[in-house]
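Descriptive analysis of the structure
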Amino acid sequence: MTGSIRAPRISRFFPQPLIDPSSCLPFQPISAPTFGLVQEQLAHDPFRLLIATIFLNRTRGHVALPVLFRVFDIYPSISAFATADPTELTELIRCLGFQHQRAKKCIALAQTWLARPPARGSRYRRLHYPNLNDGRNVRRDECLGDEDERVGWEIAHLPGVGAYSLDSWRIFCRDELRGVAGDTAEEVEFMPEWKKVLPQDKELRAYLTWMWLKEGYVWDWLTGERTVAGEKVMRAAKKGGIAREVGDGNWMLETSPVKKAMNGFTMGG
């Protein structure tokens, strides 16, 4: 039929049709300076990064982000969030849904941050994070030092901090807090925190897939295992395109989305 769009050819690497538009993400070439997540913009502002995760949880970015930055303009500091009127904040974010819970979490997070800001050497439990039964041997208000081998996190005492917030903070902020990021690193050899995270959020998984490809590896988000990327995968990663999560730890990269041609390669799993 004239004017119809030809269906994309399906790669032999993934024979099933891709029908879920929510699984599709822009995938920047690995030479790009950023992947495109708001967490990258807020990496040096961990309080605002955590607020962003509260806004983004259960809400698409194109809806949440305009509201988020408007709220940042109205409440420009941690103190402003801590003293915010709950009714006013709730009205500002009503379009996101769960507005009462989100407003309450944001205000409580700011108040707790001012009272007990995250600090190196002060870790708290988050039950069952990142693995089942983690934190069960830590008392609710117990503070762990760096020498303690039990699982704990510097922001786990903050209200509203769940797995998505912790994953985001670990990937983008934790090394800086602990003094092991970039020029502030005190350890000669260390593994960056982002390399240890196995997030459940698909955008964070896509970001880490991209980060590992920058280092020449295909990464399996289910296990954390990595293998040396083949020539075809690296060619696709250098071009960028549209990535679709296809299950079992795999991403399919379409390198020619404008032409609707599926030059796809699985990445991960």
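Worth saying up front: this structure is predicted, and the values here are computed from it rather than measured.

As for the pattern of salt bridges
Within this structure, the stated rule accounts for 12 salt bridges. Salt-bridge contacts for Arg174 lead to Glu154; the nearest nitrogen and oxygen are separated by 2.9 Å. Pair noted here: Arg174 is in helix H8 (residues 174-177) and Glu154 is in the loop between helix H6 (99-115) and helix H7 (163-172), with a separation of 20 residues, a long-range link. Classification of Glu154 by relative accessible area gives buried; the value is 0%. Glu254 is the partner of Arg244 in a salt bridge, and the nearest nitrogen-oxygen pair spans 2.4 Å. With Arg244 in strand E4 (residues 241-247) and Glu254 in strand E5 (residues 250-254), this pair connects stretches of sequence that are 10 residues apart. Here Arg244 falls in the buried class, since its relative accessible area comes to 18%. The class of Glu254 is buried, set by a relative accessible area of 8%. A cluster of three or more residues bridged by salt bridges with shared partners is formed by Glu154, Arg170, Arg174, Glu193 and Lys196.

Description of unusual backbone geometry
Of the consecutive residues Tyr129 and Pro130, the connecting peptide bond is found in the cis state with omega at -5°. Of note, Pro130 is situated in the loop between H6 and H7. At Arg58, a position not held by glycine, the phi torsion is positive, near 70°. Positionally, Arg58 belongs in the loop between helix H2 (46-56) and helix H3 (61-74).

Quick word on the packing of aromatic side chains
Taken as a whole, this structure holds 13 aromatic pairs when the rule is applied. Pairing Phe47 with Trp113 gives two aromatic rings, centres 5.6 Å apart and planes at 80°, and the pair type is edge-to-face. On the criterion of sequence distance, the pair formed by Phe47 in helix H2 and Trp113 in helix H6 is long-range, its members being 66 residues apart. With a relative accessible area of 4%, Phe47 lands in the buried category. On the accessibility criterion, Trp113 (12% relative accessible area) is buried. Taking the centre distance of 4.9 Å and the plane angle of 40° together, the rings of Phe172 and Tyr207 count as tilted. With Phe172 in helix H7 and Tyr207 in helix H9 (residues 202-214), this pair connects stretches of sequence that are 35 residues apart. As far as the burial class goes, Phe172 and Tyr207 line up, both buried.

Some points on H2
Of all the 11 residues making up H2, nine are buried; the element is thus mostly covered by neighbouring parts of the structure. Of the positions making up H2, those classed as buried are Phe47, Leu49, Leu50, Ile51, Ala52, Thr53, Ile54, Phe55 and Leu56. Where the residues of H2 are buried, they touch helix H1 (38-41), H3, helix H4 (78-82), H6 and H7.

Section: the packing of H7 against H9
In contact at an axis separation of 11 Å, H7 and H9 are set at 20° when each is read in the N-to-C sense. When the axis of H7 is compared with that of H9, the two are roughly parallel. Seen along the crossing, H7 lies across H9 with a hand that is left-handed. From H7, Tyr164, Asp167, Ser168, Ile171 and Phe172 reach across to H9, where they touch Leu204, Tyr207 and Leu208. Residues belonging to the contact of H7 with H9 are distributed by class as follows: six nonpolar, one polar and one charged.

Things to note about the confidence of the model for the chain
For any part of a model where pLDDT is low, the fine detail of the predicted coordinates should not be relied upon. A residue-level look at the chain finds 83% of positions with pLDDT of 70 or above and a mean pLDDT of 86. For residues 1-22, every residue scores under 50 in pLDDT, and the model assigns this stretch 29 contacts once sequence neighbours within four places are set aside. For residues 257-264, every residue scores under 50 in pLDDT, and the model assigns this stretch 23 contacts once sequence neighbours within four places are set aside.

About the cut-offs
- Residues numbered from 1 in each chain as written.
- Predicted model: local features only at pLDDT ≥ 70, side-chain atom pairs only at ≥ 80, totals over all residues.
- Heavy atoms only, no water.
- Salt bridge = Lys/Arg side-chain N within 4 Å of Asp/Glu carboxyl O.
- Helix = DSSP H or I, 4+ residues; strand = E, 2+ residues; numbered from the N terminus.
- Buried < 20%, exposed > 50% of the residue type's maximum accessible area, 1.4 Å probe, protein only.
- Phe/Tyr/Trp six-rings, centres within 6.5 Å; stacked < 30°, edge-to-face > 60°.
- Contact = heavy atoms within 4.5 Å.
- Axes fitted to C-alpha atoms, helices over the stretch in contact; angles between N-to-C directions.
- Parallel < 35°, antiparallel > 145°, perpendicular 65-115°, else oblique.
- Left-handed = near helix turned anticlockwise from the far one by under 90°.
- Nonpolar A, V, L, I, M, F, W, Y, C, P; charged D, E, K, R; others polar.
- pLDDT = per-residue confidence, 0-100.

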